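Report on the structure
Given next are the chains, with one letter for each unit.
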2 protein chains.
Amino acid sequence: MTSGSLPEDPRWVKSIRLIPPSLGDNTADADRLVTALNRAMGTTRIQISLEQFRELPDMLRRWQYQAKAVVFKSDPQTGILVHLAPPDDTTCLCGLAVDLGSTRVVLRLVDLAAGTTLGERVFDNPQIAVGPDILARIHYADTPSGLSRLRQLIIDGIQTELARLCQDCGVFPDRIHLAAISGNTAMTHLFLGITPRWMIREPYIPATNQPGLFTAAELGLTLSANARVFIFPNVGSYFGGDLISGMLYADLDQREETAMIVDVGTNAEVVLGNRDWMIACAGAAGPALEGGMSRMGTTAGPGVIDRVAIDPKTLTFDIHTIADAPPRGICGSGVIDLAAALFLSGMVDIRGKLRPERCGNRFQVQNGLAHLIIVPAESSATGKDLSISQADLDSLIRSKAAMYTILETLAASVGIQLENLSTFFVAGTFGAYIDPRSAITIGMIPDLALSCYQSLGNSSLGGAARILTDPPCLDRVNPIRDSITYLELNVNQDFMNRFSAAKFLPHTDRSRFPSVPLPPDHTGN
Amino acid sequence: MTSGSLPEDPRWVKSIRLIPPSLGDNTADADRLVTALNRAMGTTRIQISLEQFRELPDMLRRWQYQAKAVVFKSDPQTGILVHLAPPDDTTCLCGLAVDLGSTRVVLRLVDLAAGTTLGERVFDNPQIAVGPDILARIHYADTPSGLSRLRQLIIDGIQTELARLCQDCGVFPDRIHLAAISGNTAMTHLFLGITPRWMIREPYIPATNQPGLFTAAELGLTLSANARVFIFPNVGSYFGGDLISGMLYADLDQREETAMIVDVGTNAEVVLGNRDWMIACAGAAGPALEGGMSRMGTTAGPGVIDRVAIDPKTLTFDIHTIADAPPRGICGSGVIDLAAALFLSGMVDIRGKLRPERCGNRFQVQNGLAHLIIVPAESSATGKDLSISQADLDSLIRSKAAMYTILETLAASVGIQLENLSTFFVAGTFGAYIDPRSAITIGMIPDLALSCYQSLGNSSLGGAARILTDPPCLDRVNPIRDSITYLELNVNQDFMNRFSAAKFLPHTDRSRFPSVPLPPDHTGN
């Protein structure tokens, strides 16, 4: 072996030691580096920019033919020389992972050499100012300069927040050499300044599902001179790169046993599979799920109720709020806890209807609609009763029924019983906060052992970060994308039958939920 | 087959017909195009620029999912979408081939779709103003701003002359989508603005031997928005892309029988090989060859003697000048003709020495040096005698001996007898003008049947043009480069023995030149 990288480089940063040229080995400078990089990366080609060709001869001689190289790949065979630093460089070589949510954007700065996280920053997607939801933005993109304004909003937002994040971490943005960005298909289009208009018109065609790799400069991001930005591919209009990133993060493509990933954000997205096959569905499949969970829940914050328990005997409410502040609202996980507790205490029946005789003075009728007081006015932060209405409960029942029906339909399409899954990943905010026990109790998710449930956290961000710190992950992205079979959920008679059966607590078929105890008054009388 | 290009597209211009999207086939727009282009090009990946992603959706719909695409490859697996035009576009899609000579630069404009030549333009390399030869320029490149000035000179020169060429051809430079440029290693470096300084310092290392593909914009060339420029690779400091281009042009890599290519420009470069192997040598191998031929010859032009014959009986000179104008000088091909005729008529002996007794009143001694009057003052355009000195003849003998010795040494290194070659290509101006019969007579090239000799013309330009009009040629360039064994010509005892033996007309070993008749006075008395 005449030259090469040190073996201990499992990152995109490679320590390169070249044998200096001699009369017996007059390989050109760049070719010498290319050979070493190909060996270090397992590639057959290395892309070197014109500017790098110009700098190489002097750099290599100044550094005695040693260097640190930040590299990346545009495909499994093609390496890209992103940055060359002196062999004894001690400044941090950084990467930026971005979860490009339509509501919230999360930035994570990583140390490319160490593979560690340097810091994170969350901010509201500034495009909200133009359109609160993605559909409004897609329509806005069709107005004059609309698309470029939307693009500029998100680029500027990232750049501004990144500057703060960099300051917090004590690094300069020009030390960021790689970025990986995952978002849903529409967000990806808007970020790239590509029209999403054909995604919402029959036959629902994205401009691209595989945008690939760009320089930061062409995207309008000011990172290092030659920084590269990897954009996660999409499967289609309704199945985006954020989910592919999540599948990578969960190593779904490497598992022998079949696992399920559920991601409930603005939409519900579900993937089922293992290293041999993957099937997915997404979008507004169950009409009831739309806006259901999200409309009811308050954004998490101090005073928001996130845990509810009810003593089945005394019917005493045990309420926990974030930061233990006086209660001012309830978030999604709180609502699910509440519904489960109401059911187990017999305060709602198996249809989710409030039972006045069990609710006592917590039951009220306002404007002809039944309500349950969760926190009376004298204990709440707002000075008003915090209550949940029968309509809210009905909406929750429809949401959970839709969710369960989607899971069941997807599993049934490949002949799998939900009860036989050994791993069930719950992604996103939903996964981070809900109590699986409560979600099982209301029949939202299947009755698996609690050890089967794993919260993935922000899997979209996690997958993007892995691209930056774990090079073999990059080569897995397109195979994951290509192996997904997308199931178009038809709301047909089968689906409606399953949906109807799931609109009870926990289900009309109680044998599916053996772990859920019978409520005190299970006859519903 | 659902979509694709028409089968009759053996060019870089592909006519694409896509099946429009439908609910049953919701492939993204770009992905749909990528599939068709991969099929048309035999690639597995297609690079699409951000700007193209942005334009694609509207373009494809406007053109009913049909288009003309100008494509290229960055490697055998990776296609590049360079330009997209309407399916019924009738304007010419152009390519530019450049022979980047250190003395002269030649531009050729081609029609990418038809594969035809639109026009050519030749101009002096404007870098001559800074340094007449390449060594002077390499030194100048080391001065402050020297490199960037040299780069700007050649870029501006090409741009200016290209504008004229385009005007002559009735096209606009922004219709040029592809360019292919071949030059020697130093010229390639100067063109790219990469320092050539380490090429002339031991151990003689170029910055790069495989610069690859660039956008016209990054090189400073104003062609079409997304135009790509292919730069021929080099083998090393002394074996450049112009020669690789020439080997491609001669199809050396596809021949079953071994052939030789000789290119005499500023240096002599020789390649020997076939489809299985290639061996090459180049540079200032024979000390006598340096400046020999080129110093003596005048640049071709009206009145320059290009053909000379002498009646061996009457010793009458039969002289031909370019454009039949009154003689004012003699070019390289004329000198070789003259030397052969002098030898066959017995006016020089086998050492190339003038024989006063045969030369008659054409023999003169000026300043102690023997001369032969070719054209007396009364017939010449200058009003002075046109003559050749014994020193000129000695220099020619050394040059031809060095040439033959290089050919012989290269052939001997692979155990081949020059006499057994079936094809002998003579490239460049040298090849275009010399009379092989005369070159054989003086023993400069081996005594093969005249049908074995083929003049290649400007093979560097020819190879560059083939890259633009014959796509499979592109994939042959790197294999040619990689299969060349470069022979470092050591001026050792073997070489000097061969050189000494070749310093006679035609050679000390007359059996090698059976076709050359014995001169009237072959004893040399």
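Just so you know, these numbers come straight off a predicted model, no measurement behind them. Residue indices follow the written sequence of each chain, beginning from 1 at its first position. Labels are handed out in written order, letters beginning with A for the chains and numbers beginning with 1 for the ligands. Only residues with pLDDT of at least 70 get local features here, since the model is predicted, and only at 80 or more are side-chain atom pairs given and counted; chain-wide, interface and lining totals rely on the full set of residues. Just so you know, side-chain values use all the structure's heavy atoms and leave hydrogens and water out.

All right, on to the overall build of chain A then. By the criteria applied, helices consist of DSSP H or I runs no shorter than four residues and strands consist of E runs no shorter than two, each listed in order from the N terminus. Scanning chain A for helices and strands turns up 16 helices and 23 strands. Taken against the 2.2 N^0.38 rule, which gives 24 Å for 525 residues, the C-alpha radius of gyration of chain A at 26 Å falls within 12% of a compact globule. Projected onto the principal axes, the alpha-carbon positions of chain A cover approximately 95 × 50 × 45 Å. A simple rule labels every residue: compare its accessible area, found with a 1.4 Å probe on the protein chains alone, to the largest value its type can have, and call it buried under 20%, exposed over 50%, or partly exposed in between. Per-residue burial over chain A gives 57% buried out of 525 residues. Using the Shrake-Rupley algorithm and a 1.4 Å probe, accessible areas are obtained, with residue cover drawn only from the displayed protein chains. Accessible area for chain A stands at about 20,700 Å²; split by element, carbon and sulfur atoms hold 50% of it. Here chain A holds 44 positive side-chain charges and 54 negative ones, and the gap between their average locations is 1 Å. We compute the radius of gyration over the C-alpha atoms and compare it with the globule rule, which gives 2.2 Å times the number of residues raised to the power 0.38. In this charge count, Lys and Arg are treated as positive and Asp and Glu as negative; neither His nor the chain ends contribute. Note that the charge is assigned to NZ on lysines, CZ on arginines, CG on aspartates and CD on glutamates.

Turning to the packing of helix α7 (residues 241–249) of chain B against helix α14 (residues 459–469) of chain B, a few remarks are in order. All names here are of chain B. Angles shown run from 0 to 180 degrees and are taken between the N-to-C directions of axes, each axis being a line fitted to C-alpha atoms and, for helices, limited to the stretch in contact. Where α7 contacts α14, the two axes come as close as 7 Å, and the packing angle between them is 70 degrees. In terms of orientation, α7 and α14 fall into the roughly perpendicular class. Remark: the crossing between α7 and α14 carries left-handed chirality. Note on element contacts: α14 touches α7 through Ser459, Ser460, Gly462, Gly463, Ala464, Arg466 and Ile467, opposite Asp242, Ser245, Gly246, Leu248 and Tyr249. Residues are grouped as follows: Ala, Val, Leu, Ile, Met, Phe, Trp, Tyr, Cys and Pro are nonpolar; Asp, Glu, Lys and Arg are charged; all remaining types, including Gly, are polar. When the residues that make up the contact of α7 with α14 are grouped by side-chain class, the tally is 4 nonpolar, 6 polar and 2 charged. Reported orientations rely on four angle classes, namely roughly parallel under 35 degrees, roughly antiparallel over 145, roughly perpendicular from 65 to 115, and oblique for the rest. Note on convention: near helix rotated counterclockwise from far helix by under a right angle means a left-handed crossing. Clockwise means right-handed. The contact definition used throughout considers only heavy atoms, calling two residues in contact when any of these lie within 4.5 Å.

Turning our attention to the relation of the copies chain A and chain B. Least squares is used to superpose the copies, and the fit set is the C-alpha atoms of residues whose pLDDT is at least 70 in both copies. Overlaying chain A with chain B gives an RMSD of 0.1 Å, the required rotation being 180 degrees about an axis along which the chain moves by 0.1 Å. Taken together, the rotation and translation describe the operation of a two-fold axis. Taken as a fraction of all interface residues of chain A, those also at the interface in chain B reach 100%, which identifies the copy contact as same-surface.

Bringing the state of the cysteines into the picture now. Residues and elements named next belong to chain B. Whenever a pair of cysteine sulfur atoms sits within 2.5 Å, that pair is classed as a disulfide. Scanning the model with the defined rule gives 0 disulfides over all chains in all. Looking at Cys166, it has no disulfide partner, and the nearest cysteine sulfur is the one in Cys169, 6.8 Å off. A relative accessible area of 1% means that Cys166 is categorised as buried.

It is worth spelling out the sheet that holds strand β6 (residues 94–100) of chain B at this point. All names here are of chain B. Judged by pairing direction, the sheet is mixed, and its 6 strands sit side by side in the order β8-β7-β6-β9-β11-β10 without closing on themselves. Edge positions in the sheet fall to β8 (116–124) and β10 (212–215), since each has one partner strand and no second. Each adjacent strand pair in this sheet contributes to an overall mean axis angle of 20 degrees, direction not counted. One bridge is not enough; two strands pair if DSSP finds at least two bridges between them. Summarising the sheet, β6 and strand β9 (residues 176–183) pair through 7 bridges and their orientation is parallel. Its bridge partner lying in β9, Asp99 is registered against Ser182.

Let us now look at the sheet that holds strand β18 (residues 363–366) of chain B. Residue and element names in this part refer to chain B. Ordered by their spatial adjacency, 3 strands build an open sheet running β18-β19-β20, and the pairing between neighbours is antiparallel. Strands with a single pairing partner mark the edges of an open sheet, and in this sheet they are β18 and β20 (386–389). Sheet twist, expressed as the average angle between the axes of neighbouring strands with direction ignored, equals 40 degrees. The sheet contact formed by β18 and strand β19 (residues 369–375) spans 4 bridges and is antiparallel. Its bridge partner lying in β19, Phe363 is registered against Leu372. In this fold helix α11 (residues 390–413) packs onto β19 and β20, with an angle of close to 60 degrees to the strand it touches most, β20.

Residue and element names in this part refer to chain A. Along the chain, pLDDT gives the predictor's confidence residue by residue, from 0 to 100. Mean pLDDT over chain A works out to 92, with 94% of the residues at or above the 70 mark. In this model, residues 1–7 is a region of pLDDT below 50 whose contacts with residues beyond four sequence positions or in other chains number 18 contacts. This stretch, residues 285–295, has a pLDDT under 50; its non-local contacts, to residues over four places away or in other chains, come to 23 contacts. The ipTM for the predicted assembly is 0.91, set against a pTM of 0.91.

Residues and elements named next belong to chain A. Within the secondary structure, Arg137 is located in helix α3 (residues 134–140). No salt bridge is formed by the buried Arg137, whose closest oppositely charged neighbour, Asp133, lies at an N-O distance of 6.7 Å. As used in this structure description, the phrase polar contact means that two N or O atoms lie within 3.5 Å; if the pair is within protein, one of them must be able to donate a hydrogen and the other to accept it, and residues adjacent in sequence are counted only when both atoms belong to side chains. A polar side-chain atom of Arg137 sits 3.2 Å from a polar atom in the side chain of Gln127. Apart from residues lying up to four places away in sequence, Arg137 is in contact with Ser102, Asn125, Gln127, Ile128, Gly131, Pro132, Leu150, Met187 and Leu190. What makes a salt bridge here is a side-chain nitrogen of Lys or Arg within 4 Å of a carboxyl oxygen of Asp or Glu, nothing more.

The omega angle of the peptide bond from Leu505 of chain A to Pro506 of chain A is -15 degrees, so this bond is cis rather than trans. Position of Pro506 of chain A among the secondary structure elements: in the segment after α16 (493–502). At Asp324 of chain B, a position not held by glycine, the phi torsion is positive, near 55 degrees. As for its position among the elements, Asp324 of chain B is in the loop between β16 (317–321) and β17 (329–330).

This part takes up the nonpolar core. With 101 residues, the main nonpolar core has Phe191 of chain A together with Phe239 and Ile467 of chain B as its most contacted residues. Sorting elements by how many residues they give to this core places helix α4 (residues 146–169) of chain A first, with 9 residues. When residues no more than four places from it in sequence are discounted, the contact partners of Phe191 of chain A are Leu100, Arg151, Ile154, Ile155, Ile158, Ile181, Leu219, Leu221 and Ile231 of chain A. Residues grouped as a nonpolar core are buried Ala, Val, Leu, Ile, Met, Phe, Trp, Tyr and Cys residues, joined through side-chain atoms within 4.5 Å. With 100 residues, the next largest nonpolar core counts Ala282 of chain A together with Ile155, Ile158 and Ile176 of chain B among its residues.

With that settled, the discussion passes to the interface of chain A and chain B. Between chain A and chain B, the residue contacts involve 41 residues of the former and 41 residues of the latter. At the boundary of chain A with chain B, the tally comes to 2 salt bridges. The salt bridge involving Asp75 of chain B is made with Arg45 of chain A; its shortest N-O contact spans 2.9 Å. Elements that contribute at least two residues to the side of chain A that touches chain B include exactly α1 (29–41), β3 (45–47), α2 (50–62) and α6 (216–219) of chain A. Broken down by element, the residue count for the side of chain A that touches chain B peaks at 6 residues, all from α2 of chain A.

Excluding any residue in a salt bridge, patches collect residues exceeding 30% relative accessible area, merging like charges within 9 Å and nonpolar Val, Leu, Ile, Met, Phe, Trp and Tyr side chains within 5 Å. A contiguous nonpolar surface patch, about 300 Å² in accessible area, is contributed by Leu23 of chain A together with Tyr204 and Tyr238 of chain B. With respect to the secondary-structure elements, Tyr204 of chain B resides in the loop between α5 (185–192) and β10.

For the rest of this paragraph, the subject is α16 of chain A. Residues and elements named next belong to chain A. For α16, every residue scored as buried is listed here: Phe495, Phe499 and Ala502. Buried residues of α16, viewed axially, fall in a sector of 65 degrees; they line one side. Looking at the packing, one finds that the buried side of α16 touches α11 (390–413). The directions considered for the arc run from the helix axis to the C-beta atoms.

On to the pattern of salt bridges. All names here are of chain A. Per the counting criterion, the structure on display carries 49 salt bridges over all chains. A salt bridge links Asp470 to Arg466, with the nearest nitrogen and oxygen atoms 3.2 Å apart. Relative accessible area serves as the criterion here: at 25%, Asp470 is assigned to the partly exposed category. The exposure class assigned to Arg466 is buried, which follows from its relative accessible area of 18%. For Arg481, the salt bridge identified is with Asp482, shortest N-O distance 3.2 Å. Relative accessible area serves as the criterion here: at 52%, Asp482 is assigned to the exposed category. Each of Asp251, Asp253, Arg466, Asp470 and Arg476 takes part in a single network of salt bridges with overlapping partners.

All names here are of chain A. The rule is short: rings of Phe, Tyr and Trp, with Trp giving its six-membered ring, pair when the centres are within 6.5 Å, and they are stacked under 30 degrees, edge-to-face over 60, tilted in between. This structure, assessed with the given rule, holds 16 aromatic pairs over all chains. Geometrically, the ring pair formed by Phe239 and Tyr486 is edge-to-face, given 6.1 Å between the ring centres and 70 degrees between the ring planes. In this pair, Phe239 is assigned in the loop between β11 (228–231) and α7 (241–249) and Tyr486 in strand β23 (residues 484–486), connecting sequence segments 247 residues apart. Here Phe239 falls in the buried class, since its relative accessible area comes to 1%. The class of Tyr486 is partly exposed, set by a relative accessible area of 26%. Placement of a charge over a ring requires the Lys NZ or Arg CZ to be within 6 Å of the ring centre, with the centre-to-atom vector within 35 degrees of the ring normal. Seen from the ring of Phe317, Arg362 lies directly overhead, with NZ or CZ sitting 3.5 Å from the centre.

Here we take up the packing of α11 of chain B against helix α16 (residues 493–501) of chain B. Residues and elements named next belong to chain B. Taken N-terminus to C-terminus, the directions of α11 and α16 make an angle of 130 degrees; their axes are 8 Å apart at the nearest point. Comparing their axes, α16 and α11 come out oblique. Considering only the axes of α11 and α16, their crossing is right-handed. Across from Arg398, Ala401, Ala402, Thr405, Ile406, Glu408, Thr409 and Ala412 in α11, the residues of α16 making contact are Phe495, Arg498 and Phe499. Grouping the constituent residues of the contact of α11 with α16 by class yields 6 nonpolar, 2 polar and 3 charged.

So, about the environment of Arg39 of chain A. All names here are of chain A. Of note, Arg39 is situated in helix α1. For Arg39, a relative accessible area of 41% puts it in the partly exposed group. In this structure, the C-alpha to C-alpha distance between Arg39 and Leu243, residues 204 residues apart in sequence, is 32 Å.

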